[in-house]
Structure formats: structure tokens, C-alpha cells
Amino acid sequence: MAKVFRPPPFDLAAVLSQPHPTVDLKSKELEERTRTFLKNLTNFKEKAINAITERRKHQSTEKKKILEKTRAVEAETNQCKLKEIELVAQLEREKEERKDAELSVAAFKRQLNTLRDKIASVDVDIEQYRVLTQNLRREKNKERSTLSSYNSHVFPELRSCEERLSCAIEGVEKDRLLVRFSRIDPAEPEKEASFVIDIASETFKIITASPHLPVMPILVNKLNEFRDIYAFFRDVRAAYVQLLDPGPH
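Computed from a predicted model, the values in this text were never measured in an experiment.

J.: Any chance you could explain the overall build of the protein here in plain terms?
T.: When its secondary structure is counted, the protein shows 4 helices and 4 strands. For the protein, the succession of helices and strands along the chain, N to C, is α-α-β-β-β-β-α-α. When each of the 249 residues of the protein is scored for burial, the buried share is 12%.

Given below as C-alpha cells:
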């Protein structure tokens, strides 16, 4: 508790009874006390101002920190909101993708079942074709054996006929025959004439002829008209002989 200054008791009657009444106001002590009071008041004021200034600085610093934290929290909150929006959108996309994937899987399952049914059907067809192929192979082997037997008898006769007719016939491509004539020029016995005939359709066609035979189109028209292939070979040979040896025959 602060000490309260109390002035000493004042006896007015004693003062008035003096020849020259005076009152000791103790001005020096009052001035000293006043200076001390003012000094203490100034110190108190400065301390109060300093304390208020420090408090304001502290409050300003804390306020800045709080504002920065608030801004950081708001920025983080906004980022979280954006991420939330993105996640929601991503969930929606994944939901749609899952739905599409389920539809695709269901479609693939249906296709798989259809393919399995087709495979089963194809397996049955393959087994049937395998049996048919085996039967055809047996028949072909049988025919090859028969042809080999015929060939052993016919081939020598064919070679003999080719030598006598000076004509050789062989297949060069599918449905095409190469016909070669020899001994058509007495001056050059080794010289040959040949042509390739296409027999794929009902209308016979000459693909190539060597050497060129001017009357070949006429002979081909005659062949397509009368359908006598052997007479055609004979006439072509005669035309080549006439072309290469124009003398009297």
C-alpha cells in the first residue's frame, strides 16, 4: 500500500501569538517532493509509452503472423476445394469408365460365347472335312496308282507318237499348254517352232507363238468353230513348215 503524506499538525493560535506571525510552508521540501513526483511521473509515463509501443509492436507482429496463417489456411483450403472438385470429377469419370468397361466386358462375353459356338461348329466341320479329306486322299492315291499303271503303258506310246509327229506337248501354267514342233526346216533340223495355247475357257486363245505365224488367227478361229484340237495342231505344223520351207512339198 502506498504511503500517504500527512502534513504535521498546525497550531494557528500559537502562530498568531507571535510578535511577527509567520507560517513555515517548507517550500524547499515541497519543491523537492514536487521534482521527485514529476520525475517519477515522467518515468512512469515513459515506461507506459514504451510498454504500449512494445505491446503495439507485438500485437502488430502477431497480427501479421495471424494474417499470414489465415492466408495460408485460406490458400490451402482453396487448394483442398480444387482437389475435392477434381477428385469428384475423377470419380465421375471413373464411374463412367467402369460403366463402359462393364458394358464392354458384357459385349466381349457375348462375343466369346458366340465365338465358342462358332468354334464348336467349325470343329465339327473340320472333323467332317478331315474325314472327307482322308477319303479323297485314298481315292486320289488310288487314282494315282491307276494313272501310274496307265502311264507305264501309255508313256512309251506317247513318246513314240511325239517322235513320229515331231511334236511335244507339256503344261506350263494352269490351263495352258506349250506345243513345240521339231524338224520343220530341212535346212536346220534342230530348229523348233512353238506356241502356248490357253484352254481355260470354251474359246481357245494363243498366248505366244515363236516364230510369228501370220495365219495363226485364221487357224484359231477354225479351231473355235470346229473344236478339233488335233486338226489344229496338224494345220499349225503344216503352216510352220510352209513358213520356214516355202518350196514345193
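J.: Would you mind showing me how to read the packing of helix H3 (residues 216–226) against helix H4 (residues 229–244) here?
T.: Between two packed helices, the angle of one axis relative to the other and the distance separating the axes together describe the packing. As a packed pair, H3 and H4 sit with axes 10 Å apart at the nearest point and diverge in direction by 165 degrees. It follows from the interaxial angle that H3 and H4 lie roughly antiparallel. The handedness of the crossing between H3 and H4 comes out as right-handed. Contacts between H3 and H4 involve Met216, Leu219, Val220, Lys222 and Leu223 from the first element and Ile229, Phe232, Asp235, Val236, Ala239 and Tyr240 from the second. For the contact of H3 with H4, the residue count by class is 9 nonpolar, no polar and 2 charged.

J.: Teacher, can you tell me more about the sheet that holds strand S3 (residues 192–198) here?
T.: Either a parallel or an antiparallel arrangement is found when strands of a sheet pair, and the pairing is made through backbone hydrogen bonds. On the basis of which strands lie adjacent, the open sheet formed by 4 strands has the order S1-S2-S3-S4 and antiparallel pairing. The open sheet has two edge strands with one neighbour each: strand S1 (167–173) and strand S4 (205–210). Strand after strand, the sheet turns through a mean of 20 degrees between neighbouring axes, direction not considered. As paired strands, strand S2 (residues 176–182) and S3 are joined by 7 bridges and run antiparallel to one another. Across the sheet, Phe181 pairs through a bridge with Ala193, a residue of S3. Sheet strands touched by H4: S1, S2, S3 and S4. Its angle to S3, the strand with the most contacts, is close to 145 degrees.

J.: Hey, could you run me through the environment of Val196 in this one?
T.: With respect to the helices, strands and loops of the structure, Val196 is situated in strand S3. As a C-alpha pair, Val196 and Thr208 span 12 residues in sequence and 5.4 Å in three-dimensional space.

J.: Can you walk me through the UniProt feature "coiled-coil region" (unreviewed entry) in the protein in this structure?
T.: In this numbering, the UniProt entry assigns the feature "coiled-coil region" (unreviewed entry) to residues 91–118. Secondary structure content for residues 91–118 is 100% helix and 0% strand, while the C-alpha to C-alpha distance between its ends is 39 Å.

J.: Would you take a moment to explain the pattern of salt bridges for this structure?
T.: Pairing between side chains becomes possible if they bear opposite charge and their charged atoms approach one another. Under the counting rule described, the total for this entry stands at 9 salt bridges. With its nearest N and O atoms 2.6 Å apart, the salt bridge here joins Glu127 to Arg130. Here Glu127 and its partner Arg130 are both found in helix H2 (residues 27–165), 3 residues apart, which amounts to about one turn of the helix. Two residues, Asp235 and Arg234, come together in a salt bridge whose shortest N-O distance is 3.7 Å. The structure contains a network of salt bridges with shared partners spanning Glu170, Arg180 and Glu192.

Rules and cut-offs
- Numbering of residues begins from 1 in every chain and follows the order in which that chain's sequence is written.
- In view of the model being predicted, local features appear only for residues whose pLDDT reaches at least 70, and side-chain atom pairs are presented and counted only at 80 or more, with totals across whole chains, interfaces and linings using the full set of residues.
- Excluded from the side-chain calculations are hydrogens and water; all other atoms, namely the structure's heavy atoms, are used.
- We count a stretch as a helix when DSSP gives it H or I for four or more residues in a row; a strand needs E for two or more, and each element gets its number in order from the N terminus.
- Residue exposure (1.4 Å probe, protein chains only): buried if accessible area is under 20% of the type maximum, exposed if over 50%, otherwise partly exposed.
- Axis lines are fitted to C-alpha atoms, over the contacting stretch for helices. Their N-to-C directions set the angle, which ranges from 0 to 180 degrees.
- Convention used here: angles under 35 degrees read as roughly parallel, angles over 145 as roughly antiparallel, angles from 65 to 115 as roughly perpendicular, and any remaining angle as oblique.
- Crossings are sorted by hand: turned counterclockwise from the far helix by less than a right angle, the near helix makes the crossing left-handed, and turned clockwise it makes it right-handed.
- It only takes one pair of heavy atoms within 4.5 Å for two residues to be counted as in contact.
- Charged residues are taken to be Asp, Glu, Lys and Arg, nonpolar residues to be Ala, Val, Leu, Ile, Met, Phe, Trp, Tyr, Cys and Pro, and polar residues to be all remaining types, Gly included.
- Note on pairing: DSSP must find at least two bridges between two strands before they are called paired.
- UniProt positions are given in the numbering used here, feature names are shortened, and annotations may be inferred rather than shown by experiment.
- A carboxyl oxygen of Asp or Glu within 4 Å of a side-chain nitrogen of Lys or Arg is what we treat as a salt bridge.

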